[in-house]
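Working through the structure, step by step
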Amino acid sequence: MSFKSIFQDMKGEFGIISKKGFELKIGHGLRSRSQRVVEDNLMAVDALKQSCWANMPPELLRDVLLRIEAAEFTWPPRKNVVACAGVCRSWREIIKEIVKVPEVSGKLTFPISLKQPGPRDSLIQCFIKRNRSNHTYYLYLSLNPASNEDGKFLLAAKKCRRPTCTDYIISLNPEDVSKGSNTYIGKLRSNFLGTKFTIYDAQPPNAGAKVTKSRSTRLVGMKQVSPRFPAGNYPVAHIAYELNVLGSRGPRRMNCVMDTIPTSAIYPGGVAPTQTEFMLSKMDSFASLPFFRSHSTRMENFQSGPLSAQKDGMLVLKNKSPRWHEQLQCWCLNFNGRVTVASVKNFQLVASPENGGTTGPEHENVILQFGKVGKDVFTMDYQYPISTFQAFAICLSSFDTKIACE
């Protein structure tokens, strides 16, 4: 039996898991086929465990999975790589070793990839669709650079107004965007004026992170979480918009302090914290997304674990200053064709000179750019050292009303 026939036969068998695919019909209130992949996995895993492929020699299995990972490098075909990880524990362990983090591969494969820093030498292109009627925002991975109608769903956020603040709840499930959902991964909280924001991660971004204090005991599935990794809200970034007291014309001015990312991350050899897995998995199958519940609390004396004990300070990002175009009579930034509609929401973030004292090429490199391309459609492109989750949360802050900043 030739290796090619083994490869094709194997793909055909585990294709049962994901034959419904990750085909996506963009549209608010519509459920994509990708949302059914978990149910499909659960139905097919038992059959695959009984098949001959579950007991393949490790060397042959690794070779086959390597070829599959190399061949299915874009979505939706990359669903086959995810399907392989759902067969059994041995397959999952091999796939986890083969699939590289976005920093190296430039690909978003598993849900945990959304919490890992992007690639160093290129931007991951995404777009956001806003639904004004129910105050929700949907993030998609761009599959076709020429169109914002073809994408792989990544994250959803819902705006929730409070008496003294506004929360944007972020979830992996577009149909269940709440803090009570097991797919809740974090939130963005603003102050009353909408000029200051804090990004909270639902799990520790690094080993030294400290949870915000809570008067109540946090429970996960009616069981208390291990004290080593308590469930809660971990501040990972702070965003501030400058007040425009003089009413001068021009875009908003903002800066972001990335609490968990060191300044050295933007320089060659620098490293940003990288989460490797979600906590508290409930099933051996990869089809079960191991997220946990979290309830909101107030922030009290948060200290960033590893960075507070190091000389290396926190990374500070600021918006790149635009130039006034005399012919167009407007402020302009070079978005390389990714933004087509003028808006005060448009911005590009670069490393602030505060990080190193001197301005170098690292401070001209765009880490995150966000801009309008339609009535309720916006592009979002990001790269190392921030993650998809962090980039999405920062962009959500631009949607909030800021009368004092415009």
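In what follows, the structure referred to is the one given above.
The present account deals with the structure reproduced in this document. (Residues numbered from 1 in each chain as written. Predicted model: local features only at pLDDT ≥ 70, side-chain atom pairs only at ≥ 80, totals over all residues. Heavy atoms only, no water.)

All right, on to the overall build of the chain then. Assigned secondary structure in the chain consists of eight helices and 16 strands. Out of the 406 residues belonging to the chain, those deemed buried represent 52%. Once local pairs closer than 6 in sequence are excluded, the contacts in the chain between residues at least 24 apart make up 63%. (Helix = DSSP H or I, 4+ residues; strand = E, 2+ residues; numbered from the N terminus. Buried < 20%, exposed > 50% of the residue type's maximum accessible area, 1.4 Å probe, protein only. Contact = heavy atoms within 4.5 Å.)

On to the pairing of strand S16 (residues 377-382). With six of its six residues buried, S16 lies for the most part within the structure. Where strand S1 (residues 124-131) and S16 come together, six bridges link them in antiparallel fashion. Its bridge partner being in S16, phenylalanine 127 is matched across the sheet by threonine 379. Where strand S15 (residues 368-372) lies against S16, five bridges are found, and the strand directions are antiparallel. Within S16, the residue paired with glycine 371 across the bridge is threonine 379. Between the antiparallel neighbours S15 and S16 lie four residues. (Pairing = 2+ DSSP bridges.)

Here we take up empty space enclosed by the protein. Scanning all chains against the criterion turns up three cavities of 30 Å³ or more. The computed volume of the largest cavity comes to approximately 120 Å³. Lining of the largest cavity is provided by 16 residues; of these, Lys115, Thr260, Pro273, Ser387 and Gln390 occupy positions nearest its centre. Elements with a minimum of two residues in the lining of the largest cavity: strand S10 (254-262) and helix H8 (388-399). Residue composition of the lining of the largest cavity, grouped by class: eight nonpolar, six polar and two charged. (1 Å grid on protein atoms, 1.4 Å probe; cavity = no way out; pocket = protein on both sides within 12 Å on 5 of 7 lines; lining within 4 Å. Points joined across faces, edges and corners; volume = space filled by probe spheres on them. Nonpolar A, V, L, I, M, F, W, Y, C, P; charged D, E, K, R; others polar.)

Moving on, we get to the packing of helix H3 (residues 58-71) against helix H5 (residues 89-98). Their axes nearest at 10 Å, the elements H3 and H5 cross at an angle of 50°. For the element pair H3 / H5, the angle class is oblique. In this structure, the crossing between H3 and H5 has a hand that is right-handed. Residue-level contacts link Leu61, Arg62, Leu65, Leu66 and Glu69 of H3 to Trp91, Ile94, Ile95, Glu97 and Ile98 of H5. When the residues that make up the contact of H3 with H5 are grouped by side-chain class, the tally is seven nonpolar, no polar and three charged. (Axes fitted to C-alpha atoms, helices over the stretch in contact; angles between N-to-C directions. Parallel < 35°, antiparallel > 145°, perpendicular 65-115°, else oblique. Left-handed = near helix turned anticlockwise from the far one by under 90°.)

Across a sheet, paired strands are connected by hydrogen bonds in the backbone, their directions being either parallel or antiparallel. Taken in spatial order, the 12 strands line up as S1-S2-S3-S4-S5-S6-S9-S10-S11-S14-S15-S16 and close into a barrel, and their pairing is antiparallel. With direction set aside, neighbouring strand axes in the sheet form an average angle of 20°. Here strand S2 (residues 136-142) pairs with strand S3 (residues 151-161) via seven bridges, running antiparallel. Each bridged residue has a counterpart across the sheet, and for serine 142 the counterpart in S3 is glycine 151.

Bringing H8 into the picture now. Because an α-helix packs 3.6 residues into every turn, residues spaced three or four apart end up facing the same way. Over its 12 residues, H8 runs 17 Å from end to end, which matches the ideal 16 Å to within 8%, given 1.5 Å per residue. For H8, the complete set of buried residues consists of Thr388, Phe389, Gln390, Ala391, Phe392, Ala393, Ile394, Cys395, Leu396, Ser397, Ser398 and Phe399. (Expected span 1.5 Å × (residues − 1).)

Bringing the nonpolar core into the picture now. If you look at the biggest cluster of nonpolar residues, it comprises 70 residues, and the most contacted ones within it are Leu368, Met380, Phe392 and Ile394. Here this core takes eight residues from H8, the largest share from any one element. Beyond its immediate stretch of four places on either side in the chain, methionine 380 contacts Ile124, Gln125, Cys126, Phe127, Ile128, Leu139, Leu368, Gln369, Thr388, Ala391, Phe392 and Cys395. Listed in part, the 10 residues of the second largest apolar core include Phe127, Tyr140, Cys160 and Val177. (Core = buried A, V, L, I, M, F, W, Y, C linked by side-chain atoms within 4.5 Å.)

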